[in-house]
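As a plain string of letters, each chain reads:
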Amino acid sequence: MRLRHKPWADDYLKENDQVVVQEPFEWKGNWKSLFEHKDQPLHLEIGSGKGQFIAGMGKQDEEINFVGIERVKSVIVGAVKKVVDAQTTNTRLVNEDAEDLRELFGPNEVDHIYLNFSDPWPKNRHEKRRLTYHTFLEQYQDVLIPGGEVTLKTDNRGLFEYSLMSFSQFGMIIEEVSVDLHADEDPLNVPTEYEEKFSAKGQPIYRCRVRFKT
Ligand code: SAM
């Protein structure tokens, strides 16, 4: 992703506080109260990029509350614009590093986690940085409800195979696997920016949905 310095980004993120959560750590354990419809499930995307997925999901399913986390300020501004344009009240964004989700969310607070086109970190010595390394799975298990789900989409076969192995070594249940999501034609699939880019080059998109055991 190309990073451009955007000096106006700070102001833009502050001005749009109906979408951007300004003090996210203060909402730990209380995220539902941030939304108009407080009793809805909470779905979380890690690494939202420019926000096409989270904005699209918010519009597609208004009975779910969505939170997208993106650590790069010059990137998240694109997501903020899309969520503002969507005119939804069920989608909020957080400009933080999701290094440890347990600092942001309390136990059992999240219903579903999406990992979309996460950085693959192909070198063995960087395995610990992959968002499906077991230390991340431990965090997900802690913040998710019992039996909570994780959905992963990627164009990267290496990351996909690694993740399936990591999920099953962790004792998770593999609910659904697609090795060519676009050929499977899921009408509810909301494509991300990276997904459109890789798919246009003819690359298959991999997706799996997995669940922690109760
Ligand atoms: N999900 C988007 C898509 O599919 O178009 C963006 C994919 S991009 C390869 C990965 C994004 O995840 C980048 O914008 C990066 O800044 C973000 N990211 C990676 N690790 C993160 C972390 N620990 N916390 C928050 N964002 C992270």
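About the cut-offs
Residues numbered from 1 in each chain as written. Predicted model: local features only at pLDDT ≥ 70, side-chain atom pairs only at ≥ 80, totals over all residues. Heavy atoms only, no water. Core = buried A, V, L, I, M, F, W, Y, C linked by side-chain atoms within 4.5 Å. Buried < 20%, exposed > 50% of the residue type's maximum accessible area, 1.4 Å probe, protein only. Helix = DSSP H or I, 4+ residues; strand = E, 2+ residues; numbered from the N terminus. Contact = heavy atoms within 4.5 Å. UniProt positions renumbered as here; feature names shortened; annotations may be inferred. 1 Å grid on protein atoms, 1.4 Å probe; cavity = no way out; pocket = protein on both sides within 12 Å on 5 of 7 lines; lining within 4 Å. Near = heavy atom within 4 Å. Polar contact = N/O pair within 3.5 Å; in protein donor to acceptor, adjacent residues only side chain to side chain. Areas by Shrake-Rupley, 256 points an atom, 1.4 Å probe, with all protein chains shown as cover. Sits in = over half its atoms within 2 Å of the grid points. Phe/Tyr/Trp six-rings, centres within 6.5 Å; stacked < 30°, edge-to-face > 60°. Lys NZ or Arg CZ within 6 Å of the ring centre and 35° of its normal. Points joined across faces, edges and corners; volume = space filled by probe spheres on them. Nonpolar A, V, L, I, M, F, W, Y, C, P; charged D, E, K, R; others polar.

### Thoughts on the nonpolar core
The biggest cluster of nonpolar side chains holds 34 residues, and the ones touching the most others in it are L101, F105, I113, Y140 and V150. Contributions of two or more residues to this core are made by β1 (42–46), β2 (65–69), β4 (110–116), α4 (134–143), β5 (144–154), α5 (157–169) and β7 (206–211). In this view, V150 contacts H112, I113, L115, Y140, L144, F167, M172, C208, R209, V210 and F212; residues no more than four positions away in its chain are not counted. Formed by 19 residues, the second largest nonpolar core is a distinct cluster that contains V19, V20, F66 and V77.

### Considering the UniProt feature "binding site: substrate" (unreviewed entry) in the protein chain
In this structure's numbering, the residues bearing the UniProt feature "binding site: substrate" (unreviewed entry) are K123, D155, T192, E193, Y194 and E195. Annotated residues spanning 73 residues; largest pairwise C-alpha distance 24.7 Å, indicating distribution over more than one region. In the annotated group above, the largest pocket draws its lining from D155, T192, E193 and Y194. By the element assignment, Y194 lies in helix α7 (residues 193–200). Mapped onto the elements, E195 comes out in helix α7. Accessibility expressed as a relative area gives 0% for E195, which makes it buried.

### Things to note about the site of the ligand
Residues in contact with the ligand amount to 17 residues; listed here are only the nearest, G47, E70, A98, T192 and Y194. Within the backbone of R71, one N or O atom sits 3.3 Å away from a nitrogen atom of the ligand. Between the ligand and Y194, the relevant distance is 2.9 Å, taken from an oxygen atom to a main-chain nitrogen or oxygen of the residue. Protein burial of the ligand: of its 600 Å² of free accessible surface, 93% is covered by the chains. Comparing atom positions with the cavity grids shows the ligand to sit within the largest pocket.

### Quick word on unusual backbone geometry
One non-glycine residue with positive phi stands out, namely F117, at about 55 degrees. With respect to the helices, strands and loops of the structure, F117 is situated in the loop between β4 and α4. We note that W121 has phi near 40 degrees; this positive angle belongs to a residue other than glycine. Taking relative accessible area as the criterion, W121 reaches 25% and is therefore assigned partly exposed.

### Focus on the packing of aromatic side chains
Within the structure shown, the criterion is met by 8 aromatic pairs. Ring centres of Y194 and F198 lie 5.9 Å apart, and the angle between their planes is 55 degrees; on these two criteria the pair is classed as tilted. On the criterion of helical spacing, the pair formed by Y194 and F198 is a turn pair, its members being 4 residues apart in helix α7. A connected cluster of aromatic rings, assembled from ring pairs, spans F117, Y194 and F198. Its guanidinium or amino end placed over the ring of W121, R129 lies 4.6 Å from that ring's centre, counting from NZ or CZ. Here K197 stacks its cationic end above the ring of F198, 5.4 Å away from the centre of that ring.

### Examining the layout of surface pockets
If you add up the space inside the largest pocket, you get close to 810 Å³. Contributing to the lining of the largest pocket are 36 residues, with G47, E70, R71, S118 and D119 lying nearest its centre. Residue contributions to the lining of the largest pocket peak at 3 residues, all from α7. Across the lining of the largest pocket, the residue classes break down as 15 nonpolar, 9 polar and 12 charged. Volume-wise, the second largest pocket comes out at about 330 Å³.

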